[in-house]
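# Breakdown of the fold
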Amino acid sequence: MTIHNPTKKLLFFLSFFLTALFILSACQKQPALGDFGNSYIDDNKSAQIVVVDTATIDVSTTFVDSVSTAGTGYLMVGSYNDDWLGKVTSRSFFQVAPPPSLPAIDPRIDTYDSIGMIFFFRPGSPYYGDTTQYQTYVVNQVDTLMELPPFNNGWFSSYLLPTGPDLGSTSVRIEPNRPVSNGTIASNTSQGTGDTVRIRLDDQLGQTIYNMVYNKSDTVKNSTKWLRWFHGLSLSPGAGAPANIINGIKDSCIMRIYYRENALFSTEKFIDFEFTNKNVQYNYVTTDRTGKPIAGLNRPTQTVQPPPLTPSAQIGHAGYVQSMEGLNVKLTFPYLNAIALRRDFIGLLRAQLIVRPVPGSFSQIWRLPPQVGIFTTDQHNQLGAPLPSLGSGGAQTGSLIQDYFNPLNTVYTYDVTNFVASQLINPSPAARQTGLMLAILPPAENSAFNRLIAADQSYPVTQRITLTVYYISLFPHN
Amino acid sequence: MNQSKIICFLTLLSVTSLGVMAQNNFQPYSQMGIGQLDEGYYNRTSGLGETGIGYRSNRFLITNNPASFSGLANQYFTMETAIRGTFISYSGTPVQPAGTQSADITFRKLVMGIKAAKHWGTSIGLVPVSTENYEFNVPYFIQGSNQAVSNHFYSYHGSVNKAFWANSYEFFHHLSLGVDAGYVFGDLNQKDILQSTANGASFTSTSNDIYLQNLYLTYGLQLYGRIGKHLEYVIGGVYSQKSALLASPNKQVLNPDSVTIQNFQNPDHYLYLPNSYGGGLSITYNQKYTWLADYRYSDWNGVQALNSYPGQDYAIVSSERASMGFEVSKKKNLYNSTVELSYFQSGVYYSNSYLAVNGRQLRDMGVSLGIGVNSLKSPLAYNIVFQYGIRGTTDNNLIRENYMNLSFILNFGAVWFTKGRKFD
């Protein structure tokens, strides 16, 4: 291309010139001159980051006298003696129903054999305590209709139903994490029947029901009539000293009647009464805190009231999280807004809450909850909304770091930036009662006994619950 | 294409050049004072060690002295722009083996001029005054913690430029007086980003800006004539008047989401540019060989007490610069006119800068070589200048920069407003 016009030639040249300039200017290399220049910077001219980890934290435990334990899928049965929580006992109530079609029994040739319960402890089922111990399980028949009292809308952990005499019992050890081939685990019972626990029941009851089947009684043909007559069953730990284990037995249990069908060959037969009415199954939990640090726990004094708070100083300088017993920890920060009043404070960067268990309060037997949720709460001491983390925005579980070798390194960590940011500017008179609640997350909140004993601020700095606030500082403000 | 379109294009070019001027090599001393002063003119005198207070040209814009514009040929319009590539090698205790060099390429200036009347030359343009370009990291220990979980990333990026209108008038065929009315403007920016040492994410950043503006006047004088049949001389002098630049500081603090959490508009104050004096001389023999010499002195001591520059632990002191150059011009007679075809230049320079750091006034010295070609078939002239210099010292924990500049200067010239008459 030949450009004859001088002016156009100039513009063409300049365009090329500028294009080349922009391309080449992107080629800038950067040297490494260390921190040369640092000495020549004005002091206090730019924002800094200041960390404050001395914020006062009031640790309290809230208590609700009962929690909904119905329909969790597990019969939580057992008893243990906890150095912190006292004696904890759990038993379960449930119902079984006759089969939809009954076998034809000929009383002239068929013979009743026995009756028993079949329970299953599946891999992954909850357990808490010492799995090396034998636990005695006792089966009783409920002695009343399993119906909710008036004005109640669910089965709670405080409902105790009357039961009849013991129908049967067994003492069994359940190993929940027995290694098997291929690196997997399986549960195994000392009865040598895999994950199955069998309890033989009273033959008088078995013969009675067998006769009903033979007679085609309406009681076994109609499930409503059956429940009015049979009511339900209870599985509870045996009396005496706690075995220190509570197991979560799968609710898909069976009451089985064995009989023999005698013909040319004698054949073993059975009639299964399977688990029914999942929502009626619930666990009854009792505690005896006598002599334990938590004995001073404040209890509700009225029928309807906010869950009472108990300051940590009153109950062993700790906060207690175990939702099965209605225990949650409330944290309040009475002087938090003083951070915003600092002369150099110009903005919050982030805030982190570190919850440390009381040293020695946990072990591989007395396990910590793998997940502890954090919720907002107010003067009503109820669980509010889950507190989202700053980055992901999702609910937090504490990201437990568990270190049995160095227990002091065991921590739950939460991003509480959103909460602190709102509290710094919270003008409400109730701001001091606004705080955070630590609670077990569903579904474990009513199906696991893992508990957290959180150290309050009477413990050394490295062993206690700590709020670390990072803020942006600029001083002087010019 | 008519002249108005050319003007529009050149205006666009000027605006564009403003942005490009802000880029520059890493200059560790540019964080001090008003940045690293640009001693270059990027014109015909660049190959002469920027020696040109006593230099006149009928084609090129000698911005070293505003009195020179009256030397342009009658009705001659000329425009110059320049690009400079720089390579710097750093040495000294602070320099880490991982990075001892830097290189970049930048746009430097845009200047236009015309001989508007028989004795009156005028010029406008945009030229750099100083630049800031430096970045470094410093580990940061969060206050209240003994963990260095953060890092200061300091960056200095700013530039001070001058838009000027210069006029000169010739008296008695041997005296030219000129005034350069410059409007100095720019922004000194220091940004401090506190960032995570783990992933580089920003925690907070503080941007300290100082916006500068005011007029800065430079007066020039040139006396010139012949000594005998073969010698021509030019004696020049320049004086820049002390000027108080209005400094408007602004501080802005951003949070990690780059949302402004504090924005302070602090009271205005003044930063002074000093009285500056310069003298120069050139002798030309047979219109072929030219010897030049310059000396400049800037009285920064005189404004020291008035100024409050960013930073600390360095001093502003009076600066001076001396340079010499030699030029050989190759000319040819065409149609009863003498036309320059090319020229070769060399120069040396030595300066004490206006900064004294760690008790040492920073020196800058070097040599330059230039070659220029004037096209006979087009209105363009090309000038390529190589410069090698040493700035700073390795003493007292300072950094020495060995730099090489390669500048390309483009000149366009045309005779305007002829009204059909032939150019004489």
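First things first, this report covers the structure right here in the doc. (Residues numbered from 1 in each chain as written. Chains lettered and ligands numbered in written order. Predicted model: local features only at pLDDT ≥ 70, side-chain atom pairs only at ≥ 80, totals over all residues.)

### Observations regarding the sheet that holds strand E19 (residues 345–355) of chain A
Residue and element names in this part refer to chain A.
- The four strands are arranged E1-E24-E19-E21 in an open sheet whose pairing can be described as antiparallel. This sheet does not close on itself; its edge strands, each paired only once, are strand E1 (48–52) and strand E21 (412–415). Pairs of neighbouring strands in the sheet enclose a mean axial angle of 20 degrees, with direction left out of account.
- Sheet topology note: the E1/strand E24 (residues 466–473) ladder contains five bridges and is antiparallel. If you follow Val-50 over to E24, its bridge partner there is Tyr-471. (Pairing = 2+ DSSP bridges. Helix = DSSP H or I, 4+ residues; strand = E, 2+ residues; numbered from the N terminus. Axes fitted to C-alpha atoms, helices over the stretch in contact; angles between N-to-C directions.)

### Examining the nonpolar core
- If you look at the biggest cluster of nonpolar residues, it comprises 115 residues, and the most contacted ones within it are A:Val321 and A:Ala454.
- Per element, the largest residue contribution to this core is seven residues, and it comes from strand E13 (residues 245–262) of chain A.
- Those residues in contact with A:Ala454 that sit more than four places away from it in its chain are A:Val59, A:Ala318, A:Gly319, A:Val321, A:Val329, A:Val355, A:Pro357 and A:Ile465.
- Listed in part, the 23 residues of the second largest apolar core include B:Ile34, B:Leu245, B:Ala247 and B:Leu362. (Core = buried A, V, L, I, M, F, W, Y, C linked by C-beta atoms within 7 Å. Buried ≥ 20, exposed ≤ 12 C-beta atoms within 10 Å, placed from the backbone. Contact = placed C-beta atoms within 7 Å.)

### Description of the environment of A:Val285
Residue and element names in this part refer to chain A.
- Within the element layout of this structure, Val-285 appears in strand E15 (residues 282–288).
- For the pair Val-285 and Thr-189, spaced 96 residues apart in sequence, the C-alpha to C-alpha distance is 24 Å.
- In contact with Val-285, not counting residues within four places along its chain, are Thr-69, Ser-90, Ser-157, Met-324 and Glu-325.

### Overview of the sheet that holds strand E22 (residues 435–440) of chain A
All names here are of chain A.
- As summarised here, the arrangement of the five strands in space is E16-E2-E18-E22-E20, forming an open sheet in which the pairing is antiparallel. Every other strand in the sheet has two partners, leaving strand E16 (309–311) and strand E20 (372–377) as the edge strands with one partner each. Sheet twist, expressed as the mean angle between neighbouring strand axes with direction ignored, is 30 degrees.
- Sheet analysis places strand E18 (residues 327–332) next to E22, joined by four bridges and oriented antiparallel. Within E22, the position partnered with Val-329 by the bridge is Leu-438.

### What to know about the pairing of strand E10 (residues 260–265) of chain B
Residues and elements named next belong to chain B.
- Among the six residues in E10, zero count as buried, and that is only a small part of the element.
- Relative to E10, strand E9 (residues 243–254) runs antiparallel, the two being bridged by five bridges. Paired with Val-253 across the strands is Gln-262, a residue of E10.
- In this structure, the hairpin formed by E9 and E10 is closed by a connection of five residues, where Ser-258 is found at a positive phi of approximately 60 degrees.

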